[in-house]
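The residues making up each chain are set out below.
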Amino acid sequence: MRTYRGISVSNGAAIGEVLILDNRGCRLSRRFVDQHEVDSEISRLNSAIEATGDQIAQDRDSVTREIGEEYGHIFGAHLRILTDKKLLHDLEEPIRQHNYSAEYAVSEVFDRQADILRRVAGTLYSERANDVVDIKVRLLRQLMGVRQNSLAHLDRPVILLAATLTPSETSNLDRDNVLGFATEEGARGSHTAIVASALQIPAVLGIGHFLADAQEGDQVILDGDKGLLILNPDAETTRKYQEIIDRQKSESRRLSSRSAAPAITQDGTEIKVFGNIEFHYESRICDINGAAGIGLYRTEFLYLGADLASLPTEEDHFEAYRTVVEAMGPDRVTTIRTFDLGADKLPPGFSASDVVEPNPFMGVRSIRLSLKFQDMFRKQLRAILRASAFGPIRIMFPLVSTILEFRNAKSIFLDVCEELDEAGIPFDHSIPIGMMLEVPASIIMIHTFVREVDFFSIGTNDLTQYALAVDRGNKGVDSLYNSEDPAILQLVHRAIQVATMYDKPISVCGQITSDPNNTMLLIGLGLRHFSVAPGVIPIIKELCRNVTVEECERIAKNVLSKDTASDIRHYLRHETAKKLGTGWTAEE
Ligand code: PEP
Ligand code: MG
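Presented here is a report on the structure given in the accompanying data block. Fair warning: this is a prediction, and the values are worked out from it, not measured in the lab.

So, about the pairing of strand β17 (residues 529-532). The two faces of the sheet receive side chains in turn, since in a regular strand these alternate between them. Note that strand β10 (residues 270-277) and β17 share 4 bridges and pair parallel. Each bridged residue has a counterpart across the sheet, and for F274 the counterpart in β17 is S531. Inspection of the sheet shows strand β16 (residues 506-508) paired to β17 by 2 bridges, in the parallel sense. Note that in β17 the partner of V508 across the bridge is F530.

So this is what it looks like as structure tokens:
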């Protein structure tokens, strides 16, 4: 039995069998073939090259159509690399000479090329190295009969262990069979972490090197509450964890049975708890768990589907939004955030090498990308407006830094409204237009935004990254990534105060709200609208019913007098444990 400690990003515990995804995103098991298999191995390689070429050509055409020729060209370059005669010779040779499997040959040859390119100084060559890796991964997926959705259809329950998982890979996991996952890389604020909590499976990231110690088929325990991975546990540990899992299940059944009732504090203030969703099917979980509506629909996940042959069409958008709106019914609003793509969330059509930016979280991300690729943006706005004829919707722009950005986005929206009017397409003409507060500048300037913006939602995940200058996805600085840092709480407090003074609805949808340890603090800071991961709605509502606003204000005052995030967290954990009692499995 060996225990590894990582960063806990999604609660709960699971026991299961290991499935390993190697660090290149592919499962490579077979390395050699028998002599009599050599010819068929080479023809397998050639068919895979042909099919991969078709796929790249399709991507080239759809990307050229959707976002322009300059991006389509990148796929043209990939095609030329793939069909290079010297490369074909280099791939076939180790199969003939050393009986390598086609997968192993592809892996070796492409890795060698990428290493050479990386060693040549200059970013242009390292970009080419990324291209080579990208083609290799496509080819391997083709060879193994697996595309990006290889983990979408598993035949048995597993706990997935990987070097790293991208948000798009995570969002395509088989929800019935992946019991949890652990990775060597990754950090608390990453979108992979957010998707894990959306899937309601335990997840531990940033463990560091451990994959070499694990083998497929090993037994493993994943403790998402304490951030532990236990390989080959002994019988006593397994029994203890089985008990924890059973207890958590019965606690969750108890809370669910009360989740439909409103969350009214003991001194009579109603706290509205909305759900954050990434996928349309989560609206059902929000409904079952008694959500007041959808506070954040991260629509960029529509672009991250493994099965996408091209970017989503207006109809794809419309169908997804209509499903959510209908699940919420006529009395609960759906807040649709326009796509927040870029940085770590790139659609399959934009492989990492297409949008190479020295510092992507500071680059063409989010609303900046929408303003740059206006056709994509307009298509989404049309679909949202059409869906607004089926139930209440609010539109929210992400990562707005300046009022000009907000005005530009809004003027495109007004233009789309006009277009729909001219075409006689019905939509809600009084649809509210809001924005995320996740760049510190927007909170500093909130007194300007209140004049033009209908509602706000504070995104503490990015706010933390930008205010503290800490990369949310970098495990090397994870200990510095604290949304409970006093500086962040001051910003949150100011935003709530100003918005409330101007009578503008404000919520918080960053992960800070999904941790019940922070519920009393946020109520005390004046927050009345929470937007949280669907799985924690029942426990947050239950906690709200057990507190008074007065005691929350006292707690918030104490918190604001503290100097460090760790003092604040420790204090809040202690206060929350007093309310939630023994069933509460807070991080230790
Ligand atoms: C945030 O930044 O807090 C937020 C909710 O947006 P995302 O996590 O999707 O970047
Ligand atoms: Mg954000």
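Around the magnesium ion (ligand 2), the protein supplies E438 (OE) and D462 (OD) as donor atoms, at distances of 2.0 to 2.1 Å. Taken together, the residues E438 in the loop between β14 (433-437) and α14 (440-444) and D462 in helix α16 (residues 460-468) connect sequence positions 24 residues apart. By relative accessible area, D462 is classed as buried at 2%.

What follows deals with the sheet that holds strand β8 (residues 228-231). Across the sheet, which stays open at both edges, the 8 strands sit in the order β1-β8-β7-β3-β4-β5-β6-β2 with mixed pairing between neighbours. This sheet does not close on itself; its edge strands, each paired only once, are β1 (2-5) and β2 (7-10). Across this sheet, the average inter-strand angle for adjacent strands is 30°, counted without regard to direction. Alignment of β1 against β8, held across 4 bridges, turns out to be antiparallel. When the bridges of β8 are listed, R2 appears paired with L231.

Turning our eyes to something else, we now look at the pattern of salt bridges. This model, assessed by the stated rule, comprises 35 salt bridges. We note a salt bridge from R96 to D39, for which the minimum N-O separation is 3.7 Å. Placement of R96 in helix α3 (residues 85-98) and of D39 in helix α1 (residues 38-67) is noted, with a sequence separation of 57 residues between them. Its salt-bridge partner being R407, residue E452 comes within 2.7 Å of it at the nearest N-O pair. A residue pair is termed long-range when its members are at least 10 positions apart, and E452 in the loop between α15 (446-449) and β15 (456-458) and R407 in helix α13 (residues 403-422) qualify at 45 residues. Its relative accessible area of 38% is what places R407 among the partly exposed residues.

Positive phi values are uncommon outside glycine, yet L399 reaches one of about 45°. Within the secondary structure, L399 is located in the loop between β13 (393-397) and α13. One non-glycine residue, A469, lies in positive phi territory at about 55°. One can find A469 in the loop between α16 and α17 (486-501).

Each value, and the rule that gives it
- Residues numbered from 1 in each chain as written.
- Chains lettered and ligands numbered in written order.
- Predicted model: local features only at pLDDT ≥ 70, side-chain atom pairs only at ≥ 80, totals over all residues.
- Heavy atoms only, no water.
- Pairing = 2+ DSSP bridges.
- Helix = DSSP H or I, 4+ residues; strand = E, 2+ residues; numbered from the N terminus.
- Donors = N, O, S within 2.8 Å, 3.2 Å for Na, K, Ca; no water.
- Buried < 20%, exposed > 50% of the residue type's maximum accessible area, 1.4 Å probe, protein only.
- Axes fitted to C-alpha atoms, helices over the stretch in contact; angles between N-to-C directions.
- Salt bridge = Lys/Arg side-chain N within 4 Å of Asp/Glu carboxyl O.

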